[in-house]
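The residues making up each chain are set out below.
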Amino acid sequence: MAANIDKVLKLVNMLLGSGKVLRAKKVLLENLQVYPQNTKLTELLASIYGTEGDSNSALELLNGVSNNPDFALESFCDLGILLLKKEKFDEALHCFEKATEKFKESFEAHFYLAIVLAGKKQYQRAAEQFMVARELNPFSSEVHYNLGRAYDAMDRFFEACSCYKVAIDLDPSFIKARVNLGLALHQLEKFQDALDSYK
């Protein structure tokens, strides 16, 4: 069976590479009739649907195989992001929690879990996940910025300022980090520093 699946994947990737998306989808759908729980075939078809903007079909497919042991990290993240776009926050939270359990060293899983937690106003838990993500990728300006936002939401302005400064050091053109740094400095009544942060 594995050899057959590999042949199908090779054919589908060849079809996709030559722009024959409809034919690739047809091959995947035909083979999913034979191998309905095959994770790799399902993930690839869901990826095509997602690229085409058909998030409902992609979500339905990924949900069907998300408990398979070989379900990939990228698919967990794709599924979680699709759930976020559909404003299914509790399901997205569950998806990213599963991803962080299965892929403990994944920056993306921890980062997106933190984003969902912040969106649910669970700022302390969000900050904890952003800190894990920061340990996994200390060079991400986005993770420092978002950790700062979580600290801001908890009125921990000094820590927020530190995070925004690192985000700006990593990406000097990061306007949102500069604005939020100025606002946090203002909260700390460091008015001149706040003005200087916008330069």
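Below, the structure is looked at part by part. Bear in mind the structure is a predicted one, so any value in this text is a computation, not a measurement.

## Focus: the overall build of the chain
Thought 1: Within the chain one finds 12 helices and zero strands.
Thought 2: The order of α-helices and β-strands along the chain, N terminus first, is α-α-α-α-α-α-α-α-α-α-α-α.
Thought 3: Taken against the 2.2 N^0.38 rule, which gives 16 Å for 199 residues, the C-alpha radius of gyration of the chain at 21 Å runs more than 25% over that of a compact globule.
Thought 4: Along the first, second and third principal axes, the C-alpha atoms of the chain reach 65 × 30 × 25 Å.
Thought 5: The burial tally for the chain puts 43% of its 199 residues in the buried class.
Thought 6: The long-range fraction of contacts in the chain, counting pairs at least 24 apart against all pairs at least 6 apart in sequence, stands at 42%.
Thought 7: Total accessible area on the chain is roughly 11100 Å²; 54% of this is exposed by carbon and sulfur atoms.

## Notes on the nonpolar core
Thought 1: Formed by 61 residues in total, the largest nonpolar core has its most connected members in Val12, Leu28, Leu41, Leu79 and Phe130.
Thought 2: Setting aside its immediate chain neighbours within four residues, leucine 79 contacts Leu59, Leu62, Asn63, Ser66, Phe71 and Cys95.

## Concerning the environment of lysine 40
Thought 1: Here lysine 40 lies in helix α3 (residues 39-52).
Thought 2: On the basis of relative accessibility, which here comes to 44%, the residue lysine 40 falls in the partly exposed class.
Thought 3: Expressed as a C-alpha distance, the spacing of lysine 40 and arginine 125, which sit 85 residues apart in the sequence, is 33 Å.

## A closer look at the pattern of salt bridges
Thought 1: Under the criterion given, the structure shown has four salt bridges.
Thought 2: For arginine 156, the salt bridge goes to glutamate 159, with nearest N and O atoms at 2.8 Å.
Thought 3: In this structure glutamate 159 comes out as partly exposed when scored by relative accessible area, which is 29%.

## Some thoughts on unusual backbone geometry
Thought 1: The phi dihedral of lysine 121 falls on the positive side, at around 65°, and the residue is not glycine.
Thought 2: Here lysine 121 shows up in the loop between α7 (107-119) and α8 (123-136).

## Overview of helix α11 (residues 175-187)
Thought 1: For α11, built from 13 residues, the straight-helix expectation of 18 Å at 1.5 Å per residue is met to within 8% by its first-to-last C-alpha distance of 19 Å.
Thought 2: In the stretch just after α11, glutamate 189 is the one whose phi turns positive, near 60°.

## Some details on the packing of α8 against helix α9 (residues 141-153)
Thought 1: Axis separation between α8 and α9 bottoms out at 9 Å; the angle between their running directions is 160°. In terms of axis orientation, α8 runs roughly antiparallel to α9. The way α8 lies across α9 gives a crossing that is left-handed. Where α8 approaches α9, its residues Tyr123, Ala127, Phe130, Met131, Ala133 and Arg134 are matched on the opposing element by Val143, His144, Asn146, Leu147, Ala150, Tyr151 and Ala153.
Thought 2: Tallied by class, the residues present in the contact of α8 with α9 amount to 10 nonpolar, two polar and one charged.

## Observations concerning the state of the cysteines
Thought 1: Under the counting rule described, the total for this entry stands at zero disulfides.
Thought 2: In this structure cysteine 95 is a free cysteine whose sulfur lies 7.4 Å from that of cysteine 77, the closest cysteine sulfur available.
Thought 3: Classification of cysteine 95 by relative accessible area gives buried; the value is 5%.
Thought 4: Cysteine 161 takes part in no disulfide bond, and the closest cysteine sulfur, belonging to cysteine 163, lies 9.4 Å away.

## Some words on the packing of aromatic side chains
Aromatic ring pairs are defined here through the distance separating the ring centres and the angle between the ring planes.
Thought 1: Following the criterion strictly, the structure yields six aromatic pairs and no others.
Thought 2: Centroid distance phenylalanine 111 to tyrosine 112: 5.7 Å. Interplanar angle 75°. Geometry classified as edge-to-face.

What counts, and where the lines are drawn
- Residues numbered from 1 in each chain as written.
- Predicted model: local features only at pLDDT ≥ 70, side-chain atom pairs only at ≥ 80, totals over all residues.
- Heavy atoms only, no water.
- Helix = DSSP H or I, 4+ residues; strand = E, 2+ residues; numbered from the N terminus.
- Rg over C-alpha atoms; globule rule 2.2 N^0.38 Å.
- Buried < 20%, exposed > 50% of the residue type's maximum accessible area, 1.4 Å probe, protein only.
- Contact = heavy atoms within 4.5 Å.
- Areas by Shrake-Rupley, 256 points an atom, 1.4 Å probe, with all protein chains shown as cover.
- Core = buried A, V, L, I, M, F, W, Y, C linked by side-chain atoms within 4.5 Å.
- Salt bridge = Lys/Arg side-chain N within 4 Å of Asp/Glu carboxyl O.
- Expected span 1.5 Å × (residues − 1).
- Axes fitted to C-alpha atoms, helices over the stretch in contact; angles between N-to-C directions.
- Parallel < 35°, antiparallel > 145°, perpendicular 65-115°, else oblique.
- Left-handed = near helix turned anticlockwise from the far one by under 90°.
- Nonpolar A, V, L, I, M, F, W, Y, C, P; charged D, E, K, R; others polar.
- Disulfide = S-S within 2.5 Å.
- Phe/Tyr/Trp six-rings, centres within 6.5 Å; stacked < 30°, edge-to-face > 60°.

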